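The lines below spell out each chain.
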Amino acid sequence: MAVDVLIYPTTEKLSLEAADFIVKAANEAIADHGRFTLALSGGSTPRKLYGMLAGDPYKDQIDWSKVEIFWSDERCVPPTDAESNFQLAQEVMFSKLQIPAANIHRCPADEADRDAASLAYTQEMKRVFQTDGVPAFDLIQLGMGPEAHTCSLFPHQASLQEEVRLIMPVTVPKPPPPRLTFTPPLLNAARHVLFLVTGAEKAEALQAVLEGSYQPDEYPAQIVRPTNGHVTWMLDNAAAARLSQKEQER
Ligand SMILES: O=C(O)[C@H](O)[C@@H](O)[C@H](O)[C@H](O)COP(=O)(O)O
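Residues numbered from 1 in each chain as written. Predicted model: local features only at pLDDT ≥ 70, side-chain atom pairs only at ≥ 80, totals over all residues. Heavy atoms only, no water.

Identification of the protein chain as 6-phosphogluconolactonase from Tengunoibacter tsumagoiensis is taken from an unreviewed UniProt entry. Quoted verbatim from the Function (unreviewed entry) field of UniProt, the annotation for the protein chain is "Hydrolysis of 6-phosphogluconolactone to 6-phosphogluconate." (UniProt positions renumbered as here; feature names shortened; annotations may be inferred.)

This is the structure:
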C-alpha cells in the first residue's frame, strides 16, 4: 500500500487539489475500463469540493455519464433531511450536473429494516460492479473525525472487526447515531482512497493515525489499508500541525 500525505494552507486550496485529483482519477479509470466508480463520504469537509466539481472548469472535465456514485456511509434519515449525506451531494453537486439518475446509487439508510437495507445496497453495488466478490472502487473519498473515526467506523465498535459483510448497520456516538457504513473489507478493496481532513481539532488524532502504532480499535482510520491500493491524505495546515517534519516534507 502506497501512502501520500499532502498539506495545504487553506481548505480552498485543498479542495482545488482534491478536485484535480478526482478529475485525474476519473479520466484514468474511464480510459482504462470505461467507467469511474466513486464513493463519497459525508460530513462538512467535502462540501466545497463537491461544489467545485459541479462548477467550471471541473464539471466539463469528467464524462459524468460514466461515473457510478455510492456513499461510504449514510445516516438513517430521509434523503431530504439536512443530516443526509445524499442530501448534501444532491444540493451542492447533482442539482448542477447532468448525471444520469441511474448512476446515483443512494444508500437506503432511511428504511426501517437496516439489515435488509444493508443487504440491498450490497446487492446493488455487486450488480453495478458485475461481481459476486468484493467490489473494488476506483476511488473512495473519506473524512476523519477528531477521534479518528472514518465513514461510520468508530473506536471500540464491532464494525471494526467485521470481515464478512461489506455494508452494515451501526449506532455511533456522532449524531445522528443510526447509520449504515462500509466495512473494512470493502474499504480495503479500493484502488484509491482519498482522505480529506481539515481543522485543528483533528491534529492529535491525525498524528496518532499517521505516526503512531497500529491501533485501529483506538484510531479507526488506521484500518483503511487497501491491499492493492493507494491512500492519499489531503490535509490543511491546522490538521497537519502535529505531524513530524518528515511527514510534512512528503
Ligand atoms: O457521515 C459522516 O459523518 C462522515 O462519513 C464522517 O465519517 C465524516 O467524514 C467525518 O465525521 C468528518 O466530518 P467533517 O468533514 O464534518 O469534519
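From this point, the discussion proceeds with the structure in view.
(A) Layout of the packing of aromatic side chains. Scanning the entire structure with this criterion turns up 9 aromatic pairs. Arranged with centres 5.5 Å apart and planes meeting at 40 degrees, the rings of Phe 137 and Phe 182 form a pair that is tilted. One end of the pair, Phe 137, is in the loop between helix H4 (114-129) and strand S5 (139-142); the other, Phe 182, is in strand S7 (residues 178-182), and 45 residues separate them in sequence. Its relative accessible area of 0% is what places Phe 137 among the buried residues. By the ring-pair criterion, three or more aromatic residues cluster together here, those being Phe 70, Tyr 121, Phe 129, Phe 137 and Phe 182. Sitting above the plane of the Phe 129 ring, Arg 35 keeps its charged end 5.5 Å from the centroid. (Phe/Tyr/Trp six-rings, centres within 6.5 Å; stacked < 30°, edge-to-face > 60°. Helix = DSSP H or I, 4+ residues; strand = E, 2+ residues; numbered from the N terminus. Buried < 20%, exposed > 50% of the residue type's maximum accessible area, 1.4 Å probe, protein only. Lys NZ or Arg CZ within 6 Å of the ring centre and 35° of its normal.)

(B) View of the pairing of strand S6 (residues 167-171). The buried count for S6 comes to 4 of 5 residues, which makes it a mostly enclosed element. As judged from the 5 bridges shared by S6 and S7, these two strands associate in the antiparallel manner. The residue bridging Ile 167 from the neighbouring strand is Phe 182, located in S7. Counting the residues that bridge the hairpin from S6 to S7 gives 6 residues. (Pairing = 2+ DSSP bridges.)

(C) Broad picture of the site of the ligand. The environment of the ligand is formed by 15 residues, the closest being Ser 44, Thr 45, His 149, Cys 151 and Lys 202. Here an oxygen atom of the ligand and a side-chain polar atom of His 149 are 2.6 Å apart. Protein coverage of the free-state accessible area of the ligand, which is 420 Å², stands at 92%. (Near = heavy atom within 4 Å. Polar contact = N/O pair within 3.5 Å; in protein donor to acceptor, adjacent residues only side chain to side chain. Areas by Shrake-Rupley, 256 points an atom, 1.4 Å probe, with all protein chains shown as cover.)

(D) Here's a closer look at the state of the cysteines. Applying the stated criterion to the full structure yields 0 disulfides. Considering cysteine sulfurs only, Cys 107 is the nearest to Cys 76, which forms no disulfide, with 7.6 Å between them. Among the residues examined, Cys 107 registers a relative accessible area of 3% and is labelled buried. (Disulfide = S-S within 2.5 Å.)

(E) Structural detail: the nonpolar core. In terms of nonpolar packing, the biggest core is built from 79 residues, with Phe 36, Phe 94, Phe 182 and Trp 233 touching the most fellow members. Top element by residues in this core is helix H1 (residues 11-33). It accounts for 10 residues. Beyond its immediate stretch of four places on either side in the chain, Phe 182 contacts Ala 39, Trp 71, Ser 72, Met 125, Phe 137, Ile 140, Cys 151, Leu 153, Leu 166, Ile 167 and Leu 187. (Core = buried A, V, L, I, M, F, W, Y, C linked by side-chain atoms within 4.5 Å. Contact = heavy atoms within 4.5 Å.)

(F) Geometry of unusual backbone geometry. A cis amide bond links Asp 56 to the next residue, Pro 57, at an omega of 0 degrees. On the secondary structure map, Pro 57 appears in the loop between helix H2 (47-53) and strand S3 (67-71). At the junction of Pro 175 and Pro 176, the peptide bond is cis and its omega measures out at -5 degrees in the coordinates. Note on placement: Pro 176 falls in the loop between S6 and S7. For Cys 151, which is not glycine, the phi torsion reads 35 degrees and is therefore positive. Turning to its location among the elements, Cys 151 is positioned in the loop between S5 and S6. Of the residues examined, Cys 151 reaches a relative accessible area of 7% and is grouped as buried. Of note in the backbone geometry, His 156 takes a positive phi value of approximately 65 degrees without being a glycine. Within the fold, His 156 resides in the loop between S5 and S6.

(G) View of the sheet that holds S7. Across the sheet, 3 strands lie side by side as S4-S7-S6; this open sheet has antiparallel pairing. Since the sheet does not close on itself, it has two edges, and those belong to strand S4 (73-75) and S6, each with one partner. Averaged over all adjacent pairs, the angle separating strand axes in this sheet is 20 degrees, with direction ignored. Lying over the sheet, H4 contacts S6 and S7, oriented at roughly 150 degrees with respect to S6. (Axes fitted to C-alpha atoms, helices over the stretch in contact; angles between N-to-C directions.)

(H) View of the side chain of Ser 159. Of note, Ser 159 is situated in the loop between S5 and S6. Among the residues examined, Ser 159 registers a relative accessible area of 1% and is labelled buried. With residues near it in sequence (within four places) discarded, Ser 159 still touches Ser 152, Leu 153, Met 168, Val 170 and Pro 184.

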